[in-house]
Amino acid sequence: CVDEGHGVLFVSAHLGPWERVAASVVMAGFPLTTIARESYDPRLTAIYDRVRGRHGVRSIYRGSPGAGIRAMRHLRRGGVLGVVMDLRSRVPSTRAPFLGKMAQTAIGPARLALRTSARVVVATAAHRHDGMLVITITPIDTCDLARGDDGERELTTRINDELSRRIRAHPDRWVWMHARWSDEK
């Protein structure tokens, strides 16, 4: 249902060696731009840029002017846009099930995907018993979803379901110390 030439929304989680997912995708020949949050300290943001840039990963900082438009244009040009959306954040959100509990979850990724007809995949990294890093990529079906609030909520739920499945498979590799659920402060 998604036409060729549209972009890919590449969703990941803070699971296992998550910081290597984007670099691995670029090394496999797929240029990737990520949506990232600026650090509280601009010097750290500069370090992140150097580390990511060394691996060919570009970032769109969500607090920068025009970030949403740049992300949408990137997808419309057929680019791969990476987002990590397993943690609670200060962005427009919707309540969706996550690990069996309702949780505020960023709605922007689903909105971008549906508005641009981008493919949606969930990708996480895990080490095999022999130490080899394996990135598992699962497509998320969007063919039955319409643009708008209902479609965005349903896509967010589907993404959360897949992220939850991955975290349950490797619970010792997720950042449990994060205050993920809306009733936590």
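Our structure's up above, just so we're on the same page.
Residues numbered from 1 in each chain as written. Predicted model: local features only at pLDDT ≥ 70, side-chain atom pairs only at ≥ 80, totals over all residues. Heavy atoms only, no water.

## Description of the overall build of the protein
Item 1. Helix and strand counts for the protein stand at five helices and eight strands.
Item 2. When the helices and strands of the protein are placed in sequence order, the string is β-α-β-α-β-α-β-β-β-α-β-β-α.
Item 3. Over its C-alpha atoms the protein spans a radius of gyration of 16 Å, differing by no more than 12% from the 16 Å that the globule rule assigns to 185 residues.
Item 4. Seen along its three principal axes, the alpha-carbon backbone of the protein occupies a region of about 40 × 35 × 35 Å.
Item 5. Considering only contacts in the protein between residues 6 or more positions apart, those separated by 24 or more positions represent 70%.
Item 6. Surface exposure of the protein reaches about 10,300 Å², of which carbon and sulfur atoms provide 55%.
Item 7. Positive and negative side-chain charges of the protein, numbering 29 and 19 respectively, have mean locations separated by a distance of 6 Å. (Helix = DSSP H or I, 4+ residues; strand = E, 2+ residues; numbered from the N terminus. Rg over C-alpha atoms; globule rule 2.2 N^0.38 Å. Contact = heavy atoms within 4.5 Å. Areas by Shrake-Rupley, 256 points an atom, 1.4 Å probe, with all protein chains shown as cover. Lys, Arg positive; Asp, Glu negative; His and termini not counted. Charge placed at Lys NZ, Arg CZ, Asp CG, Glu CD.)

## A short note on the sheet that holds strand 4 (residues 80-84)
Item 1. The sheet built from six strands is open, its strands ordered 3-2-4-1-7-8 with mixed pairing. Only two strands of the sheet have a single neighbouring strand rather than two, namely strand 3 (58-61) and strand 8 (133-140). Each adjacent strand pair in this sheet contributes to an overall mean axis angle of 30°, direction not counted.
Item 2. With five bridges connecting them, strand 1 (residues 8-12) and strand 4 associate as parallel partners. (Pairing = 2+ DSSP bridges. Axes fitted to C-alpha atoms, helices over the stretch in contact; angles between N-to-C directions.)

## Here's the deal with unusual backbone geometry
Item 1. You will see that Leu 99, though not glycine, has its phi angle at about 55°, which is positive.
Item 2. Within the element layout of this structure, Leu 99 appears in the loop between strand 5 (93-98) and strand 6 (101-106).
Item 3. Positive phi is not limited to glycine here, since Ser 117 has a value of about 60°.
Item 4. With relative accessibility at 30%, the residue Ser 117 sits in the partly exposed group. (Buried < 20%, exposed > 50% of the residue type's maximum accessible area, 1.4 Å probe, protein only.)

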